Each structure stands twice: as C-alpha cells, then as structure tokens.
Amino acid sequence: MPTLEGPALRLRDVEGIVPLAAGCLLLAYIESVSAARAFAGKHGYALDVRQELLGIGAANLTTALGHGYPVAGGLSQSAVNDRAGAHSPLALVFASVTLAICLLFLTGFLENLPKAVWPRWC
C-alpha cells in the first residue's frame, strides 16, 4: 500500500508542472460538470458547480497524498451506474469496496502478467 505523504517536488520541477496541471484541472472540471448537468437534467435535481470544483479538488488532494492518479467524474462511469439502476451515491461505495477487495486479495492471479503492463510504482 502506498504511504501517505506529500509529493517530493523541487522548485524547478514546478515550472513545468503548473501549466500541465492547470490544463488537466480544466479538462477534468469541464467533463465532471458536463456529466453532472446531463444527469441533473435527466433526473431533475439541482446542481452546484462550485461544489463540483471543491469535490474534485478534495479528491485530487487526497489522491496526491497517496501518490495516486488524478481523479475526475466522468460520463461513462455515471452512465454505467445509471443504466444499472443506481439511485444513490451508495453505489460508488459498493463499487469501491469491491475494487479494494479485488486489489487486496485477487492480485495473485495477475502476477504472471508481463512487466510491461505494470505501473512503475509496483
């Protein structure tokens, strides 16, 4: 399991990262808000785009502490949940628990995969 710690960045590394990070933030935010608006219109609930920005920011800050990949809401995940009949955010909790169980207990089945498909941190 990864340790929770801040990223090790040098000042000269930040110059190249900031424009890329701003572009990624904009893309993730637009995709998340677009998906949220589509489902808000379909199901008739209110949407606060400021809450979306805060949610994405909090999720990415937490993910950065665990050295994970950036996260964002997406249309495909929401469409799958909607099509499966999910009516509450509890569906995300069940999906996350299932994924965690698979990662913790079923990774032995994946040990014979070629090293080219494994991320560098493994």
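Now for a look at the structure at hand. Keep in mind that this is a model prediction, so the values were computed, not measured.

### As for the overall build of the protein
No. 1: A tally of regular secondary structure across the protein gives 4 helices and 0 strands.
No. 2: From first element to last, N terminus to C terminus, the protein shows the α and β order α-α-α-α.
No. 3: Computed over C-alpha atoms, the radius of gyration of the protein comes to 17 Å, more than 25% over the 14 Å expected from 2.2 N^0.38 for 122 residues, which places it beyond the range of a compact globule.
No. 4: Expressed as lengths along the three principal axes of its C-alpha atoms, the size of the protein is roughly 45 × 40 × 25 Å.
No. 5: A total of 122 residues make up the protein; the buried ones form 9% of that total.
No. 6: Across the protein, the fraction of contacts at a sequence separation of at least 24, relative to all contacts at a separation of at least 6, is 61%.
No. 7: Entry remark: accessible area of the protein is about 10,000 Å², with carbon and sulfur atoms responsible for 69%.

### Description of the packing of helix α1 (residues 11-43) against helix α3 (residues 75-84)
A pair of packed helices is characterised by two quantities: the angle between their axes and the separation of those axes.
No. 1: Look at α1 against α3: their axes get within 9 Å of each other, and the N-to-C directions meet at 25 degrees. Considered as vectors, α1 and α3 are oriented roughly parallel to each other. From α1, Glu-31, Ala-35, Phe-39, Lys-42 and His-43 reach across to α3, where they touch Leu-75, Ser-78, Ala-79 and Asp-82.
No. 2: Here the residues of the contact of α1 with α3 are counted per class, giving 4 nonpolar, 2 polar and 3 charged.

### Digging into the side chain of Ser-32
No. 1: Residue position: Ser-32 is located in helix α1.
No. 2: Of the residues examined, Ser-32 reaches a relative accessible area of 4% and is grouped as buried.
No. 3: Setting aside residues up to four positions removed in sequence, Ser-32 forms contacts with Glu-52, Ile-56, Ala-72 and Gly-73.

### Thoughts on the layout of surface pockets
No. 1: Size it by volume and the second largest pocket reaches roughly 730 Å³.
No. 2: Lining the second largest pocket we find 23 residues, and of these Ile-17, Ala-21, Asn-60, Ala-64 and Pro-70 sit closest to its centre.
No. 3: Taken together, the elements giving at least two residues each to the lining of the second largest pocket come down to α1 and α2 (49-65).
No. 4: Here the lining of the second largest pocket takes 8 residues from α1, the largest share from any one element.

### Remarks on a nonpolar patch on the surface
No. 1: Nonpolar side chains collect at one region of the surface, where Leu-90, Val-93, Phe-94, Val-97, Ile-101, Leu-104, Phe-105, Leu-106, Phe-109, Leu-110 and Leu-113 lie side by side and expose about 1,100 Å² of accessible area between them.
No. 2: Among the secondary structure elements, Leu-104 is positioned in helix α4 (residues 90-105).

### Comments concerning the pattern of salt bridges
No. 1: Summed over the entire model, instances satisfying the criterion amount to 2 salt bridges.
No. 2: A salt bridge links Asp-48 to Arg-50; the nearest nitrogen and oxygen atoms lie 3.4 Å apart.
No. 3: We classify Asp-48 as partly exposed; its relative accessible area is 32%.

### Focus: the side chain of Thr-63
No. 1: Here Thr-63 lies in helix α2.
No. 2: In terms of polar contacts, Thr-63 uses its side chain to reach the backbone carbonyl oxygen of Ala-59, at 2.7 Å.
No. 3: With sequence-adjacent residues up to four places away left out, Thr-63 is seen in contact with Gly-68, Tyr-69 and Val-71.

Rules used in this analysis
- Counting restarts for each chain: residues are numbered from 1 in the order of the written sequence.
- In keeping with the predicted nature of the model, local features appear solely for residues at pLDDT of at least 70, side-chain atom pairs appear and are counted solely at 80 or more, and the whole-chain, interface and lining totals rest on all residues.
- Calculation of side-chain values draws on the structure's entire complement of heavy atoms; hydrogens and water are dropped beforehand.
- A helix here means a DSSP run of H or I that spans at least four residues, while a strand means a run of E at least two residues long, and both kinds are numbered starting from the N terminus.
- With C-alpha atoms as the basis for the radius of gyration, the globule rule is written as 2.2 Å multiplied by the number of residues raised to the power 0.38.
- When a residue's accessible area, from a 1.4 Å probe over protein chains only, is under 20% of the maximum for its type it is buried; when over 50% it is exposed; and in between it is partly exposed.
- Whether two residues are in contact is decided by their heavy atoms, any of which lying within 4.5 Å being enough.
- Residue burial considers only the protein chains on display, and all accessible areas are found by Shrake-Rupley using a 1.4 Å probe.
- Throughout, an axis means a line fitted to C-alpha atoms (over the contacting stretch in the case of helices), and angles, computed between N-to-C directions, take values from 0 to 180 degrees.
- Roughly parallel means an angle under 35 degrees; roughly antiparallel, over 145; roughly perpendicular, 65 to 115; everything else is oblique.
- In the scheme used here, Gly and all other residues not listed as nonpolar or charged are polar, with Ala, Val, Leu, Ile, Met, Phe, Trp, Tyr, Cys and Pro taken as nonpolar and Asp, Glu, Lys and Arg as charged.
- Cavities and pockets are found on a 1 Å grid laid over the protein atoms alone: a cavity is a set of points where a 1.4 Å probe fits but cannot escape, a pocket is an open set with protein on both sides within 12 Å along at least five of seven lines, and a lining residue has an atom within 4 Å of such a point.
- Grid points are joined across faces, edges and corners, and a volume is the space filled by probe spheres set on the points.
- Patch definition: residues above 30% relative accessible area lacking any salt bridge, with like charges linked at up to 9 Å and the nonpolar side chains Val, Leu, Ile, Met, Phe, Trp and Tyr linked at up to 5 Å.
- Whenever a carboxyl oxygen of Asp or Glu lies within 4 Å of a side-chain nitrogen of Lys or Arg, that contact is scored as a salt bridge.
- Polar contacts, as used here, are pairs of N or O atoms within 3.5 Å; protein pairs need one atom able to donate a hydrogen and one able to accept it. Residues neighboring in sequence count only if both atoms are side-chain atoms.

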